[in-house]
Amino acid sequence: MRRPILLLSLLALPLAGCATAPDGPSRATPAATAHATPERGTGDDGPSAGKRWRPAPGTGWQWQLSGRLDTAVDVPVYDIDGFDHTAATVAALHDDGRKVVCYLSTGAWEDWRPDAADFPASVIGKGNGWKGERWLDIRALDVLEPLMAARLDMCRAKGFDAVEPDNMDGYKNTTGFPLVAADQLRYNRLVARLAHDRGMSVGLKNDLDQIPALVGDFDFAVNEQCAQYDECEELTPFVAAGKAVFHVEYELPTSDFCADSRRLKLSSLLKKYELGAWREAC
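Residues numbered from 1 in each chain as written. Predicted model: local features only at pLDDT ≥ 70, side-chain atom pairs only at ≥ 80, totals over all residues. Heavy atoms only, no water.

**Some remarks on the overall build of the protein chain**
Rule in force here: Labels follow the DSSP assignment, with helices taken as runs of H or I lasting at least four residues and strands as runs of E lasting at least two, numbered in each case from the N terminus. Residue burial is assigned from relative accessible area. The probe radius is 1.4 Å, only protein chains are included, and a residue is buried under 20% of its type maximum, exposed over 50%, and partly exposed in between. Areas reported here follow the Shrake-Rupley algorithm with a probe of radius 1.4 Å; residue values treat only the protein chains shown as occluding.
Scanning the protein chain from N- to C-terminus turns up 7 helices and 12 strands. For the protein chain, the proportion of its 282 residues judged to be buried stands at 59%. With the model as given, the accessible surface of the protein chain reaches about 10900 Å², and the carbon-plus-sulfur share is 53%.

Given below as structure tokens:
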């Protein structure tokens, strides 16, 4: 996850840390089995996977996490904040023929969320660079599994088709906990399994180094800035598996990345850091 690093040069932007009413201003965002051995995935590309929605490579999308939701973008997929939006909003998007993805932070604690007090201090680590957010100790599955299950129950109850779990690469950051790659694999597979158990698809957010191990556990990928960091080729296992890669850049003009995005069959957008309604698609 790079959002905190980028934020250091963007502190003047009013992006994060504000709770809001449903469908009102939100915030910006800068991915199993519960006890599966970290070396092996759940291989959830089996027969049951056919019952879930799986977006194909190149599927158009809109990612909006701040501002009043603009439902007029003519794309088949909307990715919106799971807490800030209502079942009625999800139903209206469905009525317009859209699939709807529930954005959640599953790897970091956010102090403004309605369930923030349910997280014990023992699992709350160092800040991740965004006001009000701190990394979680993803080793504590006994604590985090019921909390994340409750969040995913909320997504299912509101009618979401899929989940975008954020902050899923803590092991590569300074979290305050001695996390290693095996911890991340185990936790990411847990989140995937919880989503699948509820009939929802799930996307792997960033965590590029673990794509080879996790591509079978996730139904699509969500990536920030692979073009800027020359990493987009690392997402090709998802495309090869017939799974969409929803990709966004913030700092590059579309002329710098859209040709490669089309070649790699990525679903690419240029967005502003606040992730409002504005978009420029490839």
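What follows continues from the structure just given.
**Notes on the confidence of the model for the protein chain**
For the record, the criterion: One confidence number per residue, pLDDT, is output by the predictor and ranges from 0 to 100. Working rule for contacts: check all heavy atoms of both residues, and any pair within 4.5 Å makes them a contact.
Averaged over every residue, the pLDDT of the protein chain is 87; residues scoring 70 or more account for 82%. Within the model, pLDDT remains below 50 along residues 1–40, and this stretch shows 127 contacts once partners closer than five positions in the same chain are excluded.

**Topic: the nonpolar core**
To keep things clear, this is the line we draw: In this description, a nonpolar core means a group of buried Ala, Val, Leu, Ile, Met, Phe, Trp, Tyr and Cys residues linked to one another through side-chain atoms lying within 4.5 Å.
Core analysis: the biggest nonpolar cluster contains 56 residues, and L104, F119, F160, Y187 and F238 have the highest contact counts within it. Counting only elements with at least two residues in this core, the list comes to β2 (77–81), α2 (87–95), β3 (99–105), α3 (141–157), α4 (181–197), β8 (201–205), α5 (211–214) and α6 (236–240). With 8 residues, the top contributor of residues to this core is α3. F119 has contacts with W109, I124, L136, L144, L147, M148 and R151, leaving out every residue within four places of it along the chain. Residues W63, V77, F220 and L269 belong to the second largest nonpolar core, which totals 17 residues.

**Details of the sheet that holds β3**
Put simply, the rule reads: Should DSSP find at least two bridges between two strands, the strands are regarded as paired.
The sheet built from 9 strands is open, its strands ordered β1-β2-β3-β7-β8-β9-β10-β11-β12 with mixed pairing. Taken across any chain shown, the strands that pair with only one partner, and hence form the sheet edges, are β1 (61–64) and β12 (280–281). Pairing geometry for β2 and β3, over 5 bridges, is parallel. By the bridge assignment for β3, V77 is matched with K99.

**Re the state of the cysteines**
This is how it is decided: Here, two cysteine sulfur atoms that lie within 2.5 Å of each other are counted as a disulfide.
The final tally for this structure, using the stated rule, is 3 disulfides. Each sulfur of the disulfide joining C258 and C282 lies 2.0 Å from the other. In this structure the cystine formed by C258 and C282 twists about its S-S bond by roughly -80°; its chirality is therefore left-handed. Taken together, the residues span a long stretch of sequence, with C258 in helix α7 (residues 254–264) and C282 in the segment after β12 at a distance of 24 residues. Of the residues examined, C258 reaches a relative accessible area of 6% and is grouped as buried. Take the cysteines of the protein chain that form disulfides and number them in order along the sequence; they join up as 1-2, 3-4, 5-6.

**Focus on the environment of F218**
Relative to the helices and strands, F218 is located in the loop between α5 and β9 (220–224). What makes F218 buried here is its relative accessible area of 1%. Expressed as a C-alpha distance, the spacing of F218 and V202, which sit 16 residues apart in the sequence, is 5.7 Å.

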